[in-house]
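Fold and contact review
Listed here are the chains, written in short residue letters.
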Amino acid sequence: MNIISYQGDADLNQAIVRGVLRQERWIDFQTALAAGLKGVKDSEVLAIAETPVV
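Reading guide: rules and limits
- Residues numbered from 1 in each chain as written.
- Predicted model: local features only at pLDDT ≥ 70, side-chain atom pairs only at ≥ 80, totals over all residues.
- Heavy atoms only, no water.
- Helix = DSSP H or I, 4+ residues; strand = E, 2+ residues; numbered from the N terminus.
- Buried < 20%, exposed > 50% of the residue type's maximum accessible area, 1.4 Å probe, protein only.
- Contact = heavy atoms within 4.5 Å.
- Pairing = 2+ DSSP bridges.
- Patch = residues over 30% accessible without salt bridge, like charges linked within 9 Å, V, L, I, M, F, W, Y side chains within 5 Å.
- Areas by Shrake-Rupley, 256 points an atom, 1.4 Å probe, with all protein chains shown as cover.
- Salt bridge = Lys/Arg side-chain N within 4 Å of Asp/Glu carboxyl O.
- pLDDT = per-residue confidence, 0-100.

Digging into the overall build of the protein
Each helix and strand counted, the protein has three helices and two strands in total. Seen in sequence order, the protein has helices and strands lined up from the N terminus as β-α-β-α-α. Along the first, second and third principal axes, the C-alpha atoms of the protein reach 30 × 25 × 15 Å. By residue count, 11% of the 54 residues in the protein fall in the buried class. Long-range pairs, those at least 24 residues apart, make up 35% of the contacts in the protein between residues at least 6 apart in sequence.

In structure tokens:
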């Protein structure tokens, strides 16, 4: 099974994350706080997301 990873926005309601994970445990959510992205502009987060991981 493949794991799908998502980066949650700082404004993402945590009840949504908990509900999704209850239904689909194979989805990987990371919060903005955990990623050190709280307060970072959306355009900067998208630029980071575009950068390939080697």
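The discussion continues.
Focus: the pairing of strand β1 (residues 4-7)
Of the pairings in the sheet, the one linking β1 to strand β2 (residues 27-30) comprises four bridges and is parallel in character. If you follow S5 over to β2, its bridge partner there is D28.

Concerning a nonpolar patch on the surface
Taken together, the side chains of I4, Y6 and W26 define a hydrophobic patch exposed on the protein surface, amounting to about 260 Å² of accessible area. If you trace the backbone, W26 turns up in the loop between α1 (14-23) and β2. The class of W26 is partly exposed, set by a relative accessible area of 30%.

Some points on the confidence of the model for the protein
Chain-level statistics for the protein give a pLDDT mean of 84 and a share of 98% at 70 or above. Ranking the elements of the protein by mean pLDDT puts β1 last, at 81, and α1 first, at 88.

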